[in-house]
Structure formats: C-alpha cells, structure tokens
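Overview (structure and organization)
Listed below, chain by chain, are the residues.
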Amino acid sequence: MTSSGDQGRSLDSGEGRQRQTSIRPKPEWQTNETKGMSHKPAIMLEGVSRQFGKQEVLHDINLKVHSTEIFGLLGPSGAGKTTLVKMVAGLDEPTRGKVYVSGVRMPALRMLGEIGYMAQLDALYLELTAQENLDFFASVFGLRGHQKSRRIHQVMELVGLTVDRGKLVSAYSGGMKRRLSLAIALLHEPGILILDEPTVGIDPLLRKSIWEELQALSRQGTTLLMTTHVMDEAAKCHRLGMIRGGELIATGTPMELISAAGVSTLDEAFLHYGEVKKGPIQGGRGSNPGTQDERMRHSHVHRRHPRKGRSIDSEVPVQDPTKGGNGE
Amino acid sequence: MRVRALMVRILRQFVHDRRTLALMFVVPLFVLWLVFVIFNGNTYHPKFAAVDVSSPWTQALTHQGAVVTSYKTAADALTALKNHQVDALLQLNGRVPQVELEGSDPAQTKGTILTLQKALLSAMGTQKGLPVLQFTYLYGGANMTSFDNFGPVLIGVFAFFFVFLIAGISFLKERTSGTMERLMATPLRRWEIVLGYTAGFGLFAAIQACLIAWFSVGVLGLMMNGRLWALLLTTLLLSLTALTLGTLLSAYANTEFQMIQFIPLVIVPQVFFSGLFSMDNMAPWIRGLSKIMPLYYGADALRNVMIRGLGWRTIYPDLLLLLALSLLFMGLNVLALRKYRRI
Ligand SMILES: Nc1ncnc2c1ncn2[C@@H]1O[C@H](COP(=O)(O)OP(=O)(O)OP(=O)(O)O)[C@@H](O)[C@H]1O
Ligand SMILES: [Mg+2]
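Residues numbered from 1 in each chain as written. Chains lettered and ligands numbered in written order. Predicted model: local features only at pLDDT ≥ 70, side-chain atom pairs only at ≥ 80, totals over all residues. Heavy atoms only, no water.

Remarks on the site of ligand 1
Residues and elements named next belong to chain A. Taken together, 14 residues sit near ligand 1, with Ser77, Lys81, Thr82, Thr83 and Gln120 positioned nearest. Within the backbone of Ala79, one N or O atom sits 3.2 Å away from an oxygen atom of ligand 1. Between Gly80 and ligand 1, the recorded distance is 2.9 Å, taken from a backbone N or O atom to an oxygen atom. Considering ligand 1 on its own, with 630 Å² of exposed area, one finds that the protein chains cover 64% of that surface. Secondary-structure elements contributing two or more residues to the shell around ligand 1 are strand S4 (55-65) and helix H2 (81-88). Looking at which element gives the most residues to the shell around ligand 1, the answer is H2, with three residues. A per-class count over the shell around ligand 1 returns four nonpolar, eight polar and two charged. (Near = heavy atom within 4 Å. Polar contact = N/O pair within 3.5 Å; in protein donor to acceptor, adjacent residues only side chain to side chain. Areas by Shrake-Rupley, 256 points an atom, 1.4 Å probe, with all protein chains shown as cover. Helix = DSSP H or I, 4+ residues; strand = E, 2+ residues; numbered from the N terminus. Nonpolar A, V, L, I, M, F, W, Y, C, P; charged D, E, K, R; others polar.)

Things to note about the nonpolar core
Ranked by size, the top nonpolar core spans 166 residues in total, and within it Leu180(A), Met242(A) and Phe164(B) carry the most contacts. Contact partners of Phe164(B), with chain neighbours within four places excluded, come to Ala242(B), Leu245(B), Gly246(B), Leu249(B), Met259(B), Phe262(B), Val266(B) and Ile267(B). Counting twelve residues, the second-largest nonpolar core is a separate cluster that includes Ala50(B), Trp57(B), Leu116(B) and Ala119(B). (Core = buried A, V, L, I, M, F, W, Y, C linked by side-chain atoms within 4.5 Å. Buried < 20%, exposed > 50% of the residue type's maximum accessible area, 1.4 Å probe, protein only. Contact = heavy atoms within 4.5 Å.)

A closer look at the pairing of strand S11 (residues 239-244) of chain A
Residue and element names in this part refer to chain A. When you tally the buried positions in S11, you get six out of six residues, the bulk of the element. Side chains of S11 alternate between two faces, with Arg239, Gly241 and Ile243 and Leu240, Met242 and Arg244 buried alike. One ladder, built from four bridges, connects strand S5 (residues 70-74) with S11; its direction is parallel. Counted as the bridge partner of Gly72 is Leu240 from S11. Relative to strand S12 (residues 247-252), S11 runs antiparallel, the two being bridged by five bridges. Residue pairing for S12: Gly241 is matched across the bridge by Thr251. The antiparallel pairing of S11 with S12 creates a hairpin that spans two residues between the two strands, and Gly245 there sits at a positive phi of about 55°. (Pairing = 2+ DSSP bridges.)

A closer look at the coordination of the magnesium ion (ligand 2)
For a metal bound by four donors in a tetrahedral arrangement, the ideal donor-metal-donor angle is 109.5 degrees, while six donors in an octahedral arrangement ideally sit at 90 or 180 degrees. All names here are of chain A. Within the protein, the atoms that donate to the magnesium ion (ligand 2) are Thr82 (OG1) and Gln120 (OE1), at distances of 1.8 to 2.1 Å. Taken together, the residues Thr82 in helix H2 and Gln120 in the loop between strand S8 (115-118) and helix H4 (130-140) connect sequence positions 38 residues apart. For Gln120, a relative accessible area of 33% translates into the label partly exposed. (Donors = N, O, S within 2.8 Å, 3.2 Å for Na, K, Ca; no water.)

Observations regarding the domain arrangement of chain B
Assigned domains within chain B: domain 1 (47-137) and domain 2 (146-339). Relative placement of domain 1 of chain B and domain 2 of chain B: their C-alpha centres are 46 Å apart. (Domains from an automatic or database assignment.)

Observations concerning the interface of chain A and chain B
The interface of chain A with chain B comprises 28 residues on the first partner and 26 residues on the second. Of the roughly 2,500 Å² buried between chain A and chain B, counting both surfaces, carbon and sulfur atoms make up 65%. Along the contact surface separating chain A from chain B lie five salt bridges. Linking Asp135(A) and Arg12(B) is a salt bridge whose minimum nitrogen-to-oxygen distance equals 3.1 Å. Linking chain A with chain B are nine residue pairs in polar contact (both at pLDDT 80 or more), by the criterion used here. Of all the elements in the fold, those that place two or more residues in the side of chain A that touches chain B are helix H3 (109-112), H4 and helix H6 (174-186) of chain A. Element by element, the count of residues in the side of chain A that touches chain B is highest for H4(A), at six residues. Broken down by class, the residue content of the side of chain A that touches chain B amounts to 17 nonpolar, four polar and seven charged. (Buried area = accessible area lost by both parts, 1.4 Å probe. Salt bridge = Lys/Arg side-chain N within 4 Å of Asp/Glu carboxyl O.)

If you want it as structure tokens, here you go:
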C-alpha cells in the first residue's frame, strides 16, 4: 500500500504509467458538515429492514460508517449487500428503520448530488462513446466548461481509459465498462462514494492503482462504502461489515474480526461468524493491527446471531450462492 | 440545465444510431410515396358492353369517360362480362335501359353506376331540353383524388406511429438497461427526465413533421388549401402526443416486444377511428370511442387545414386538446417514475 505521506497522489501502476491527479479542493459541504459535525457518522442505518413481498431481505440492520472511512460489506451472494447500499444511495427505501447520510434522512434529493454511486450492473449508454457518457453524467451533476473537461480527463486517466475514450461503449470489454462506471461515480467528486463490487473484472494491476486512488480519496475526506466478494480486497477496508442472510453479523476492522474469532485469516473469520449461533454480543477494541490509521478508534467487533442458525458447509462461503441467501 | 444535458444526450444517441434515424425520417416518406402511387393512379374508367344501343347513349357514356364496346349479341356481351373484360352490360329493352353489373368489387360497381347515371342525365337533358345539372364544390374539387382525401390522415398516422414507437422503445431501454435507475441516483428530478425526453425527441419529431409535410405537399402534390404553419403545428402537436403517450406506456412494458404489443392495442384502433374509413355508418357508441383518441383530433385538424383550407379558428379546439393530452401524459409519466424513486 502507498505510504500515507504520498499526498501528491501520483499513482504508479507498476508499468511506469504515471497518473497525475491534482489535489482537489474539498467540496463545500464536506468541510462544513463533516468537520463541523464530526460526531455525526457519514452513513447511519437504524433498525433497517427491507422486505420484498414476504421475503425479508434485510433484517434490523444497525450500522454507522464514519467520515473518511473505507467500509466494506462482505457477504455471500444474495446476502442483501446490494439492497443495503441502494438504500444508502437513495434508490430504495427501508420497509422499517431509517437511513441517514451526513445526518440527512434518505432518500433526499439534495443528498444525491453528494453521493457517487457505482451500481453492480453497469448502467451505461452503449450507443454513446465513453466520453459522451461522462459528458452527460458530468452535466447532470452540474459540472460545466473547463471544470467538466478537467474532471473527465482526470477520471479517465485514473481508470486507464484515456486512449479508448472515443470508442462506443458497446465496443468496450466487460472490465472497461466496469472502469467507466467507476469513473462516472468519481466524476463529481462526491463526499460519499458507494461502490457495489467495484473491481469485478478489473485486472490486478489496475485494481491496485484503483485501490490506491480510493485510499487517497479517503485520506482527502471521502467516505467509502463498498461491497465485495473478494477477501484480499476486504482486508484493505478500514472496517468491515459481515452480512449474511440479511443480517449484519459482525463489524470491525479486519484484524479485529480475525482476532476476535480466534482465527488467522479473514476467510476463516467469515466462516466463524457465519457459524456462531449463540454467545454474547462482543463489543470491544481489538488490538491495534497497526496497518490502519486513526479511524480505528471507531472500530469494535460487533457480533450478531443469525436469526435462524444457518449451517455453513462450504469452504468458500462467499462464493456459494446457495448459502446464506434468503431462500426460506 | 440538466434537461439540456438529457436533450444533448438523446441527440447524440440518435446521431450514433443511423438506422433509427432512417426509420424516423425516411420510412414515413417511403410509405407515403407507396400509398400515393397506389391510390393516385388515374381515375377509374368503367368499361361497358353495349348491345344494340343507340349512339346518343354511347356518346354520353364516352363523354363521361367510360369505354364502350358494342357487341352483336347479348350472349357475346355476357361472356365478356363473365370474363371480366367489362364492368357492365347495357341493353335497351325497348325504351327501358337494362344494366347487368359485374358486381364483385363494390368500389368499381359504384363507379360504374355513377358514370351511367351521369350519362343518363345528360342524354335525357339534351333530348328533352331539360336543364343540365351544374356541380360546384365547397371544398375539394372535381379533380380531388382519394389520395387527397386520406393523405392528411396518413400524415397524421405516420407522424404518430413512428414517434410513438421510437420514443417508447428508447424510454423502455433506459429502464431495461439500468440507466434509469442510475439516473435516479443523480440529482435529476423526475419531471426533468420526462421533460428532457420530450424535448429531445420533440426535436426529432419536429424535423420529421417538416419532412413529411414538405414531401407530401411539395413532392407528392397532395391537396393543400390551408396554411403551411397550421399543417406543421398540427403534425408537431400530434407527434408530441405520440411521444408522451409512448414514453408513458413504456412504463407498462418490460421488453421491447411488449412495447410492440401496444401497436394493435393503441395504434390500430386509432387508425380505424381517424377518418381513414367513414365513421358515418358506425353505431353511435362506437363513434364515441373516437373522442378519446388523439389521432382523431389530429386527423380532423389536418383535413380541415389541407382539404378545406381552414385555419386557426376551426382547428384550435383540436390542437388545444392534443396539447392537453400531451401534458396529461407527461404528468402521468412523472408519477409513473415514482416506481424508481419516491422523491
Ligand atoms: N427488487 C427485488 N424484488 C424481489 N427480491 C429482491 C429484489 N432485489 C433483491 N431481491 C432479493 O434480495 C436478496 C438480496 O439481494 P441482493 O441483490 O441485495 O444480494 P447481494 O448481497 O447484493 O448479492 P450479490 O453478491 O450476488 O450481488 C436476494 O434474495 C434477492 O432475490
Ligand atoms: Mg449485489
């Protein structure tokens, strides 16, 4: 990972590709709201449940994501990750409970300009070029003139699509589309970034540089909420929420989760929390893993019991779509 | 501003999609031309087989544009009628003319009878010194073809059909491709989306309206007795109604195929009630149905402008109604988008 002293954000993908992005001024609202009300979490869910028909996809989720934190939601397919982040993005509403972003109850139109959202499925205009896609979304977010072209240039550099910007998106590969979606989410420099499996289909080299950018964004004040299937990516998050069958079964830093479970890897920790059926809710600080910064002071392991003890018998639960889904 | 962004995007999508552009701009002209060559052929000249008919009769018939062939015997003439060589067999039983019609095509039969009656009138007039009837026309004229009659309706039908389909499918694609949901994660308001779509497609609808008007009047020589602006305005308002109705109905379709299914449901009945077929013989309650169909008002206004040469004072109720319908459809669409985001 990059040294935290590297504030110039010069990203080196390893091939000598230099990506320069200037330090952006923090958006107005961020300096006011986030600093002025630092006690307020950037994202807060209170007793959130979401039902689709009879199926309860999320059950009583309580979650706080602090400002400038990179928070990862980890869970098997069908666990409810997308459902959760959509509610934070204002695209869906809880059946019960409340969702707040920067202290504002969602969905709220005025917050939408301050949230960057990257959907799990690429929502792009295939019959337009990448440049035209960016141009459209930039205009929708109110960017204009020089600022618009500058931001478009920056995000395209970041995701490594500058050369292909004139291509029709229909001629893009899956990974290129994914990168373009990410670029669009970053375009208007949102204070809150919601990424639904952002690095799926992106090669390790580019993935690394994207992660470096995400970390740099976090250092500069952006709050990130992302979902992931990938353990090594989860390990890079400042804090993790393990979600399974619609329940948030544990939250904490990766190291805390590992040590509290008494195991040695995140994979094992994930299995462990999935299996726990009884036991007191554990709160407390894990030992400082030393790899993260001061955001750690917010962290603690918080454990819930799955509603109906599901047994996990898969080696790699996060990739097993049949387990943990709310099929019952 | 955001509405403009949407407009620009739709414009660009069109520019990249040549085929849809062609469907909107070229196909209506082609179909209009096709209808023109089919219906604008020279007026039909009925053919008569005459057996033992005196020359004033044949002269009067020929004068009315009929083709008269004399046969020696009635049997020969009947054979000609059976073989579809002639439309009618004319005999004189003493002083009483007797006509046998081929009769399998109502339109031809009507034309034949009409020609015969005209000839009879003029023949009797000259014989007995009766006054010959003089015909004048309030609208239209003796040279008006059937294409002139339903051409205005066709302009309406095409302006409606293609815009309905293209706008509906584009809006649907926005939903199926997930971009609609993506838009809902932006500060775009629902009404801005609807307005942006209406404005973006409205621009193309306007170009299409101009093209169709120019082609049908300037190239095909369709009867045009009114003002050009009235024609353009009516066509444009009709397209606008089609555009807003198409985008609204796309909310109730999940696939492009389901959008196509709206054609027999929404378009075809409107064509029936638009005046392409005479509605005078319909039961009154059926005729009442036409009152809820946008195309009925558009076609009515178009006919008033093009055939009757009437202007704003006559057509404004139709136009206001079309405008009101468009606004209603837009409003309903803003509500329908609540499905994606409540605010
Ligand atoms: N609109 C919907 N209507 C009905 N059920 C839904 C809807 N959206 C999601 N679900 C159900 O909610 C559950 C959770 O779905 P969700 O998309 O949140 O899972 P996920 O954790 O994001 O999975 P993945 O990792 O595969 O993306 C699934 O069982 C799904 O079938
Ligand atoms: Mg998902």
